[in-house]
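Observations on chain architecture
For reference, the chains in residue letters:
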Amino acid sequence: MNQTNSRPSEIWVILIVVVGLVAAEGLISLLRPQLSGDIRHLDESDDIVREVVAGDGLRVVVGGNSLIGEGVDGAILEAALELTTGEEVTVGVIKPDGTGPLEWDYLFRKIMFNPGEHPDVLVLGFGPGHMIDVEPRVHLLRLGVHHVDWPDQGRLSSFDGLGFEERMTVALASLSATFGLRDRVSARVFAALIPNYRALAPILLRGDAPERDPTNLHTYRHINALLDVAGTSGVPVVLLKMPAQRPYEVEEEVFALEERPGVVVLDLDPFPELLGPEMYTDQVHLDEAGRTLFSNEVAPELAEAIQRAIERR
Amino acid sequence: MLLVASYIFYGSWDWRFLSLIILSTAVDFTVGKALGAPDMAAERRKRWVTISVVVNLSLLGVFKYFGFFVDSAAVLLTTLGLQANLPSLHIVLPVGISFYTFQTMSYTIDIYRGQLKPTDDLLDFALYVSFFPQLVAGPIERAKRLLPQIIEPRSATADDVREGIYCILYGLVMKVVIADNMALVTNHAFALDPSTISGFEVFLGVYAFAFQVYGDFYGYSLIAQGTARLMGIRLMDNFRHPFFAKNPQELWQRWHISLSSWLRDYLYFPLGGSRGGTAKTYRNLMLTMVLGGLWHGAAWRYVLWGTVHGVWLAMHRWMSQSSSRAKDAVDGIGATLLKVFVTFQVFCLALLFFRSETLEQTGGLLRALFGNYAVTDFAQLGYPLLAFYAVPVMAYELWVERRGDLFAMTKVHPVVRACFYLALILLLMWFPAPMRSEFIYFQF
């Protein structure tokens, strides 16, 4: 093929590739809610906060990850708190999977602490080692897609120490669903092709407990930063230690957070006795019966902790 | 400017390494000029080329093999009951030293053999040695091919750009998608306890490693080729669908072609090749492959790997010569598939030596092949993943193989080519490995 003839054909190649990428972007954006329930939930998270803020009585947002998702039933907790306090209560639950203080710091400061648009209290559920900072680079895509906006780019550099390549990954993830949701896309493809993929996949990835995970930084900067912005907004916070199949220790640094105004750490030791091992689907996640029991039984102590946090604000 | 860029590229790893590549360049340029002098006595010519070989092999010997030889000597002395107070040097291995020393030696040896005229331009020669796309991991170029392209004015044609982009894109997929994803499977397999690993997991580990090292090295070679093509320079093909080889001889004509042809031309043939009778031929094959294995790294596992290939080549040669009529009788698609299958299996099993950290691990994994064949969770996950990544690559390469042109995709209808490129880009976006791996051949 001589050079003169090849030029128009290469232009067609480039055009078709560009059109194909745009089409892929459109398709992924369209299919975004179907890719996972977690994506749907994250897309609705600011609506959840808005509904709580617009609610009556004591307005409570319960935040966390799948421990909260599997451990707390918002409607049951709401009814139990109303029964306990004798007041109206509005509860909303925000529980994106696989998140921790890194994501909560960026997400909650975006949707929960705007002046005049914040709940009365934030209850943050955590499990073993969940309060420890982790390497931001292992969560770049999700940060970009769900948690970080363009104004946060500076903070990614100054607070999290992300380099240029990592910040560009976050920026690209925020701009392109094809790029940003690629781990969800690949997970969907593999789940369709490989039997039992979701249960088996952790074999190839780091499956250690968070306290042994080499990506843990053993600092608590993000939870402190989140509590800073909550404090500035006048929102008290209850840090709720979630039950697990076996009792576990909470780090001293987490208990030390209670020294901050408006922060209470709620550690309910009897809970492992109430919730038998059979009420868990794994070491930390409750099943439906466990979720119902916990949501009812935690209400009295939680109400008291909320009151203390409000008084200490 | 390209020379400056190449030196900056190389020096960005460690600026101290520049002194070695400059030394090798200066020595071989001088030797080349000397060998170009007319009417030089044969004995003097031999001395000059010996200088080049000694200097380059000394660089390798000190920076790559000193520790290995000292440690091995210490083990031997200790085994013999003697005291081993040998000096040790903790030297960082300069990136690419195995590649550029071989490349510069080929220049002086080709001049010595009268196959090449030396260049008078030091800068052109320096660029031939340090050309950045192929400096750190090959292909190991020959002066006859690369030097004229550097000396002559060049520009990238439309074909160069088209094929260059194809190489870079396909190379990225081979590295980022194929190699890095297979690395996860390989690393997990080789981290399992050899005393309890199942046979299925051993095979999974070596198959995954075969595709990891192929994707990694072929991917790098393609990116190097593509980058060079965008500058109007054609580097040699370093791989030609090696997993379709029907025997070990053909395998080495398809795998790491630049190294295997270098060893053939500068080691096997000077040793006598196949001209000295059966015993000498087998000796030459073994020596070439053992040293080829040693080239890969300063460790006994590479020597063993090379030895396995040497034995395999020798056996193939013996079987080819003693059963040529039988060989003719077993042609046909079924026989071809069987030969390809067997060649691939032996290649993968030999990789046990290459990938294992210790000889004990190699032994344990080999024993596991005769042990249990439990279908573990890892096997249930790993084999489908291997198939997901390997089957499309093999299917595509079969199509290219049948077209007989490594750049066949650049000559198809533009719509087909566009769809192929779109698929590659989406593969890069959707299926990169959760964790990146270093280029394997950077360590050589």
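Throughout what follows, the structure given in this document is the object of discussion. Quick caveat: nothing in here was measured; it's all calculated off a predicted structure.

To continue, consider the overall build of chain B. Within chain B one finds 18 helices and 0 strands. Relative to the 2.2 N^0.38 estimate, which gives 22 Å for 444 residues, the radius of gyration of chain B is 23 Å and therefore close to what a compact globule would have. The C-alpha extent of chain B, read off along each of the three principal axes, is 70 × 70 × 50 Å. Burial statistics for chain B: of 444 residues in total, 55% are counted as buried. Approximately 19,500 Å² of chain B is accessible, and the part contributed by carbon and sulfur atoms is 66%. One finds the centroid of the 36 positive side-chain charges in chain B at a distance of 7 Å from the centroid of its 30 negative side-chain charges.

Here we take up the side chain of Q225 of chain B. All names here are of chain B. Counting through the fold element by element, Q225 comes out in helix α9 (residues 199-229). Assessed through its relative accessible area of 5%, Q225 is described here as buried. Contact partners of Q225, with chain neighbours within four places excluded, come to C167, L235, M236, D237 and F407.

Another aspect to go through is the nonpolar core. By size, the foremost hydrophobic cluster in this structure holds 151 residues, and its most contacted members are Y10, F102, Y128, Y166, Y170, F243 and W255 of chain B. With 17 residues, α9 of chain B is the largest single contributor of residues to this core. If we skip the residues at most four places from it in the chain, Y170 of chain B touches Y218, L222, V393, Y396, E397, F420 and L424 of chain B. V89, I111, I223 and A230 of chain A belong to the second-largest nonpolar core, a separate cluster that totals 66 residues.

Let us look at the sheet that holds strand β5 (residues 263-266) of chain A. All names here are of chain A. Read from one edge of the open sheet, 5 strands run β2-β1-β3-β4-β5, paired in parallel fashion. Edge positions in the sheet fall to β2 (89-94) and β5, since each has one partner strand and no second. On average, each strand axis in the sheet is tilted by 20 degrees relative to the strand beside it, whichever way the strands run. Of the pairings in the sheet, the one linking strand β1 (residues 58-63) to strand β3 (residues 121-126) comprises 4 bridges and is parallel in character. Bridging across to β3, V61 finds its partner in L122. Helix α12 (residues 221-233) contacts β3, β4 (237-241) and β5 of the sheet and is inclined by roughly 145 degrees relative to β4.

It is worth spelling out helix α15 (residues 288-297) of chain A at this point. Residue and element names in this part refer to chain A. Here α15 has its buried residues at G290, R291, F294 and S295. Down the axis of α15, the smallest arc covering the buried residues is 125 degrees, so these residues share one side. Backbone nitrogen of A289 and a side-chain oxygen of the N-cap are separated by 3.2 Å at the start of α15; the cap is D287.

Before going further, it helps to spend a moment on the pairing of β3 of chain A. Look at any regular strand and the pattern is simple: side chains alternate between the two faces of the sheet. All names here are of chain A. Buried residues dominate β3, accounting for 6 of its 6 residues. Burial along β3 is two-sided: V121, V123 and G125 and L122, L124 and F126, pointing in opposite directions, are all buried. In the sheet, β3 pairs with β4 via 5 bridges, with the strands oriented parallel. Of the residues in β4, the one forming a bridge with F126 is K241.

Here we take up the environment of I140 of chain B. Residue and element names in this part refer to chain B. Position of I140 among the secondary structure elements: in the loop between α6 (132-135) and α7 (143-151). I140 sits in the buried class, given a relative accessible area of 0%. Separated by 36 residues in sequence, I140 and T104 have C-alpha atoms that sit 9.4 Å apart. Sequence-distant contacts of I140, defined by excluding residues within four places in its chain, comprise F99, F102, Q103, M236, S258, L259, W262 and W295.

Attention now moves to a nonpolar patch on the surface. Residues and elements named next belong to chain B. Taken together, the side chains of V311, M315, W318 and M319 make up a nonpolar region of the molecular surface, amounting to roughly 420 Å² of accessible area. For V311, the location among the structural elements is in helix α13 (residues 300-322). On the basis of relative accessibility, which here comes to 38%, the residue V311 falls in the partly exposed class.

Counted according to the given criterion, the structure contains 50 aromatic pairs over all chains. One Lys or Arg, R229 of chain B, reaches over the ring of F407 of chain B and ends 5.9 Å from the middle of that ring.

Facing 31 residues of chain B, the contacting portion of chain A comprises 30 residues. Ranking the residues of chain B by area buried against chain A places L381, M429 and W430 of chain B at the top, with a combined share of 24%. Scanning the region where chain B abuts chain A turns up 2 salt bridges. Taking the shortest distance from any N to any O, the salt bridge between R162 of chain B and E10 of chain A comes out at 3.8 Å. Between chain B and chain A we count 3 residue pairs in polar contact (both at pLDDT 80 or more) in total. Of all elements in the fold, only α8 (158-191), α17 (377-403) and α18 (414-430) of chain B reach the threshold of two or more residues within the side of chain B that touches chain A. Tallying contributions element by element places α18 of chain B first for the side of chain B that touches chain A, with 11 residues. Residues belonging to the side of chain B that touches chain A are distributed by class as follows: 23 nonpolar, 3 polar and 5 charged.

Moving on, we get to the environment of E278 of chain A. With respect to the element layout, E278 of chain A can be found in the loop between α14 (271-274) and α15. As for E278 of chain A and P136 of chain A, which are separated by 142 residues in sequence, their C-alpha atoms are 35 Å apart.

About the criteria used
Residues numbered from 1 in each chain as written. Chains lettered and ligands numbered in written order. Predicted model: local features only at pLDDT ≥ 70, side-chain atom pairs only at ≥ 80, totals over all residues. Heavy atoms only, no water. Helix = DSSP H or I, 4+ residues; strand = E, 2+ residues; numbered from the N terminus. Rg over C-alpha atoms; globule rule 2.2 N^0.38 Å. Buried < 20%, exposed > 50% of the residue type's maximum accessible area, 1.4 Å probe, protein only. Areas by Shrake-Rupley, 256 points an atom, 1.4 Å probe, with all protein chains shown as cover. Lys, Arg positive; Asp, Glu negative; His and termini not counted. Charge placed at Lys NZ, Arg CZ, Asp CG, Glu CD. Contact = heavy atoms within 4.5 Å. Core = buried A, V, L, I, M, F, W, Y, C linked by side-chain atoms within 4.5 Å. Pairing = 2+ DSSP bridges. Axes fitted to C-alpha atoms, helices over the stretch in contact; angles between N-to-C directions. Arc of directions from axis to C-beta. Polar contact = N/O pair within 3.5 Å; in protein donor to acceptor, adjacent residues only side chain to side chain. Patch = residues over 30% accessible without salt bridge, like charges linked within 9 Å, V, L, I, M, F, W, Y side chains within 5 Å. Salt bridge = Lys/Arg side-chain N within 4 Å of Asp/Glu carboxyl O. Phe/Tyr/Trp six-rings, centres within 6.5 Å; stacked < 30°, edge-to-face > 60°. Lys NZ or Arg CZ within 6 Å of the ring centre and 35° of its normal. Buried area = accessible area lost by both parts, 1.4 Å probe. Nonpolar A, V, L, I, M, F, W, Y, C, P; charged D, E, K, R; others polar.

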